[in-house]
Each structure stands twice: as C-alpha cells, then as structure tokens.
Amino acid sequence: MAAAVLGAGLAGFSPPALAAAPSVTVSADQALRFGSFFTDTTGTRTVSATGSVTGSAIIPLTGTSPGPAQFTVTYDRGNNANTSYSLLIAVLVPGTASQVSGGVTGTIASFDTDLPGVNALLPGQTAQVTLTGCQRRICSRTFRVGGTLQVARTSGGAQLAIPVPIVVTLLAEL
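Our subject in this report is the structure included herewith. (Residues numbered from 1 in each chain as written. Predicted model: local features only at pLDDT ≥ 70, side-chain atom pairs only at ≥ 80, totals over all residues. Heavy atoms only, no water.)

Enumeration over the complete set of coordinates arrives at one disulfide. One disulfide in the model links Cys134 with Cys139; its S-S distance is 2.0 Å. As the torsion about the S-S bond is roughly -60°, the Cys134-Cys139 disulfide counts as left-handed. Of the two residues, Cys134 and Cys139, both sit in the buried class. (Disulfide = S-S within 2.5 Å. Buried < 20%, exposed > 50% of the residue type's maximum accessible area, 1.4 Å probe, protein only.)

Encoded structure:
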C-alpha cells in the first residue's frame, strides 16, 4: 500500500522548470545622421551623443536633420530570480566606418557616447561599462553614439549612409 501512495504522489509531481541560458542582444534603433551639407574640398561635421552639431569648412543645407545613433542593449538573465543585479558589458566599434560615393569620401574615425563612465569609443578598442539597476529577468538600456565625419570631395556630390556597427559582449552579471 505504501508503494501505491508513493506512486500516486509522484504522478502529480512536476519537475521544476529549467532556466533559459542568459543572453545579450543589441539593436540599432536609429542611425547616426550627419544631415545635409556642402563642402568645397574637405570638411568635418560632428554630431555628439547628446545631439549637438558642429562643423568645420562645411555649409549646412536644408534637408535631413543630424542626430546621434541610438542602440538598445537587452539582457535576458534566463530566470525570474527576484534579486537586483548589475551587468558588466564590453562595447566595441570594430573599426573606422567609411564610404566612397562618386567624388566624395566620408570617414567616421572617432565616436562619443552617453554610456555611463565612457566618453569616447575608439575604433578597435573595447570600453567596459557597468549597467546598474536591473531588477527583472529582462534588463535593457538605451544609449546614443555620436561621431565626427571627415569628408573629402573631389567632384560632384553624394548621399552618404555609413553604418556604425556596435558589438556588445556580456562580461559578467554582478
């Protein structure tokens, strides 16, 4: 009889749910935009992570408005543990971003960001950032990236669309 009771008890037993593997993703919400402008031969235009715009040897034109890129980092810790945590992540811009179109060359060689504790993102170098205040299974943070576009024009004009790749790696959950 004891075996029958034990068997009946196990029949209603559900094994605990397994947690998913932790994962981190980054999404590009908005591209870095330098707007419309003209230069005789060479010039630079800087769009900061805060949205301020400066230029050298360029003439702003009406058209597309300049603005920083925006990215969202999302971390899924894989379980619903009810404890607050922080994330240590590495952010990398793999290299300079450039494009040649007709007689115009554009290169973005320096980047800035509004990530806490990081002023600049140097191409090819990782920046470590601690994101605090995570309290749920999924924690996300949005950040902006600005940059300086160096333009050289030998002839004609062009519409440049230079993607800014960002790589985010989770180093630790703290």
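Moving on to the nonpolar core. Ile89, Val91, Ile108, Leu121, Val145 and Ile166 are the most contacted members of the largest nonpolar core, which has 34 residues in total. For this core, the elements supplying multiple residues, two or more each, are strand S6 (69-76), strand S7 (85-92), strand S9 (103-113), strand S11 (126-134) and strand S12 (138-155). Top element by residues in this core is S12. It accounts for five residues. For Leu121, the contacting residues outside a window of four places in its chain are Val91, Val93, Phe111, Thr113, Ala127, Val145 and Ile166. (Core = buried A, V, L, I, M, F, W, Y, C linked by side-chain atoms within 4.5 Å. Helix = DSSP H or I, 4+ residues; strand = E, 2+ residues; numbered from the N terminus. Contact = heavy atoms within 4.5 Å.)

What follows deals with unusual backbone geometry. Working note: non-glycine residues mostly have negative phi, and peptide bonds are mostly trans. One non-glycine residue, Ala57, adopts positive backbone phi at about 60°. As for its position among the elements, Ala57 is in the loop between strand S4 (53-56) and strand S5 (59-60). Residue classification places Ala57 among the exposed residues on the basis of a relative accessible area of 54%.

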